[in-house]
Amino acid sequence: MMHHYLPMIRRWLWLLALTTLVAGLVSYTLSSRQPLHYTARAKLLVGPAVQSLSPDLNDLRAAAQLMEVYAVLPTMRPFQEQLIADQGWDFSPGQLESKITITTDTTTQILTISVLDDDRERAAEIANAVADQLVAQSPTAAQSDALQQQLQEQIARVESAIRASEETLRQLEAEQARADTEQQRTSIASRIAQERSYKSEAERLLVSLYTTLQKAPNNLITVLEPATRGRPIDRQIPLKTILGALSGLVGGTALMMAAEHANDIIRTPDDLHTASDAPYLGNLLTHVVPHRYGPIVLARADTSVAEGYRQLGMKLRLAGHSRPLNRVLVGDVRGDGSSGEVAANLAVVLAQLGDNVILVDADPYRRVVSQMFELTDRAGLTEWYGSDNELGEMLVPTAVEGLAVLPAGMQPVDLFALMASPRFAAALAHLDEVVDIVVLAAPALATVAASAVLATRADGTVIAVRAGRDRRHEVREVLTNLQAVGAPVAGTVLVTPAQGLRRRLGWQRRSIAPIAARPQTSRTQRRVASKTVES
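Here is a short report on the structure shown in this document. (Residues numbered from 1 in each chain as written. Predicted model: local features only at pLDDT ≥ 70, side-chain atom pairs only at ≥ 80, totals over all residues. Heavy atoms only, no water.)

1. Quick look at the overall build of the chain
Logical step 1: Within the chain, the secondary structure is distributed over 21 helices and 13 strands.
Logical step 2: Of all 535 residues assigned to the chain, the portion counted as buried reaches 45%.
Logical step 3: Across the chain, the fraction of contacts at a sequence separation of at least 24, relative to all contacts at a separation of at least 6, is 81%.
Logical step 4: When the accessible surface of the chain is summed, it comes to about 27,200 Å², and 53% of that surface belongs to carbon and sulfur atoms. (Helix = DSSP H or I, 4+ residues; strand = E, 2+ residues; numbered from the N terminus. Buried < 20%, exposed > 50% of the residue type's maximum accessible area, 1.4 Å probe, protein only. Contact = heavy atoms within 4.5 Å. Areas by Shrake-Rupley, 256 points an atom, 1.4 Å probe, with all protein chains shown as cover.)

2. What about the environment of Arg466?
Logical step 1: The residue Arg466 is located in strand E12 (residues 460–466) in this model.
Logical step 2: Those residues within four positions of Arg466 in sequence are excluded, and the remaining contacts are Ile266, Asp336, Val495 and Pro497.

3. Remarks on the packing of helix H12 (residues 304–318) against helix H13 (residues 338–352)
Helix packing for two helices is described by the angle between their axes and how far apart those axes are.
Logical step 1: Orientation of H12 relative to H13, taken along the N-to-C sense of each, is 70°, at an axis distance of 9 Å. On the basis of their axis angle, the class for H12 and H13 is roughly perpendicular. With respect to the hand of their crossing, H12 and H13 are arranged in right-handed fashion. Judged by residue contacts, Tyr309, Arg310, Leu312, Gly313, Leu316 and Arg317 of H12 engage Glu341, Val342, Asn345, Leu346, Val349 and Leu350 from H13. (Axes fitted to C-alpha atoms, helices over the stretch in contact; angles between N-to-C directions. Parallel < 35°, antiparallel > 145°, perpendicular 65-115°, else oblique. Left-handed = near helix turned anticlockwise from the far one by under 90°.)

4. Notes on the nonpolar core
Logical step 1: One finds Leu381, Met419 and Phe424 to be the most contacted residues of the largest nonpolar core, which totals 45 residues.
Logical step 2: If sequence neighbours within four positions are ignored, Met419 has contacts with Ala362, Leu381, Phe424, Ala450, Val453, Leu454 and Arg457.
Logical step 3: Listed in part, the 41 residues of the second largest apolar core include Leu281, Val439, Ala441 and Ala490. (Core = buried A, V, L, I, M, F, W, Y, C linked by side-chain atoms within 4.5 Å.)

5. Some details on the packing of aromatic side chains
Logical step 1: Considering all chains together, one arrives at three aromatic pairs under this definition.
Logical step 2: Over the face of the ring belonging to Phe91 we find Lys99, whose NZ or CZ atom lies 5.5 Å from the ring centre.
Logical step 3: Arg423 extends its terminal NZ or CZ atom over the ring of Trp384, reaching a point 4.1 Å from the ring centre. (Phe/Tyr/Trp six-rings, centres within 6.5 Å; stacked < 30°, edge-to-face > 60°. Lys NZ or Arg CZ within 6 Å of the ring centre and 35° of its normal.)

6. A short note on a nonpolar patch on the surface
Logical step 1: Taken together, the side chains of Trp14, Leu18, Val22, Val26 and Leu30 make up a nonpolar region of the molecular surface, amounting to roughly 500 Å² of accessible area.
Logical step 2: Mapped onto the secondary structure, Val26 falls in helix H2 (residues 13–33). (Patch = residues over 30% accessible without salt bridge, like charges linked within 9 Å, V, L, I, M, F, W, Y side chains within 5 Å. Salt bridge = Lys/Arg side-chain N within 4 Å of Asp/Glu carboxyl O.)

7. Notes on the sheet that holds strand E11 (residues 437–442)
Logical step 1: With mixed pairing, eight strands are arranged side by side in an open sheet as E6-E13-E12-E7-E11-E8-E10-E9. Looking along the sheet, the strands with just one partner apiece sit at the ends: strand E6 (280–286) and strand E9 (396–397).
Logical step 2: Pairing geometry for strand E8 (residues 357–361) and E11, over five bridges, is parallel. Bridge assignment links Ile358 to a residue of E11, and that residue is Val438. (Pairing = 2+ DSSP bridges.)

8. Comments concerning the side chain of Thr461
Logical step 1: Mapped onto the secondary structure, Thr461 falls in strand E12.
Logical step 2: Not counting residues up to four positions away in its chain, the partners in contact with Thr461 are Leu329, Leu445, Ala455, Leu482, Pro488, Val489, Ala490 and Gly491.

9. Some words on the packing of H2 against helix H9 (residues 237–262)
Logical step 1: At their nearest, the axes of H2 and H9 sit 7 Å apart, and the two run at 150° to each other. The angle between H2 and H9 falls in the class roughly antiparallel. In the crossing of H2 with H9, the sense of the turn from one axis to the other is right-handed. Seen from H2, the contacting residues are Leu15, Leu16, Thr19, Thr20, Ala23, Gly24, Ser27, Tyr28, Ser31 and Ser32; seen from H9, they are Ile237, Lys240, Thr241, Gly244, Ala245, Ser247, Gly248, Leu249, Gly252, Thr253, Leu255 and Met256.
Logical step 2: Its residues assigned to classes, the contact of H2 with H9 comprises nine nonpolar, twelve polar and one charged. (Nonpolar A, V, L, I, M, F, W, Y, C, P; charged D, E, K, R; others polar.)

Printed below as a string of structure tokens:
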């Protein structure tokens, strides 16, 4: 999986770096330009949690519910308008509401008023004003003092009545002691019992009044901690910058994936697999300008680049096919010349395997094979078509045993008429009888109609797809055209032009020019000539 994404990341690294850098700079700029804000907090206690000597659980629950009511009051417009009018502020109720945040804690029954403002003094002023307004609007604020005063007055009256009752009881007890008759003592005892009953009722009332006085109301709200000067809020510039850079990286990744999806250029074997169901024969390295150098399998036979061509030759020669591959056509998609280099190296490999091979340069437009073997000034295929000579007379032997080359020629020609002519078909059939394999280097398969005609005369076509240039739809179009004319496809190869390949391989060009100084002909040329005489 990673081998597929790493090339993509390398191609789009500039985009990822750009989006990350731009997003980080934008985040830093916006964060640093934000005005500095201050926050101030005031805390209020709702209920009898502190004031009451023995708060009841139900009282605490009721106070917690009341606290939620007090938390809603500062968000109401009448509350805000009254507060603004009392303080003389110059902002609207909506602006005031945006500055205030109310939080409640039902466990501690503490209501916290937080204010955010760009002025630290005003932040504390607003928080304290809201707290004072809540206290002022609570029912107990105006009634608590009066209620306590009333209770204290009642307590004083009851205590006075109890003292008077005690004095009366002492007097009655003294009279009872001085009584002479039983009737007097009985009457006084009855009065003493009534007075004691009255005193007991007064004492119970006194206890109730003291209890009420000591018990704080559930609706009580008091300021625990007034707000002080607002403290500055950290703008978190480093964190926001990092988050902005990460968002830029994510956005760049999304753009990269979208661009890769929209761009159907083939760069990897996986891309080629998605574009073609033809057998994949391998990945080959070629020169950017192939005609300047000879075949890689001759110049640097000990390299992994040459091994790629050998593996291609082994697959085509030894692997099982539905029909013998006596004629192998090598064509590229858009005519970039890679088919000539692949065909030249493939022909050399097949000759090294012991086959008699003829390499036909069937691309008179680019003549890559002729340039690689230094045959650009030799008569070839185009001259043969305009004359009565035999095709074997145009073959040029090479330093590779068993390999002869048919140059493209120098004369202009109607290539489509040449490929479609019965004479050319007969010449190819004649070559099949005298050599083992004919390798044909064709022009662009996507744009030259003659290539499709030539593909019908081959036993298998190898499509050379250039990495980083050819597109999926072009490969599909080539395959569709070949299938439409009934041309068999042997497979596809991914050709990667390598910058500096000569320097990387320590290139030492070998002479592979035609053996013009030797009077004898090659083995392949002798077989063609003898077969021509016999016929």
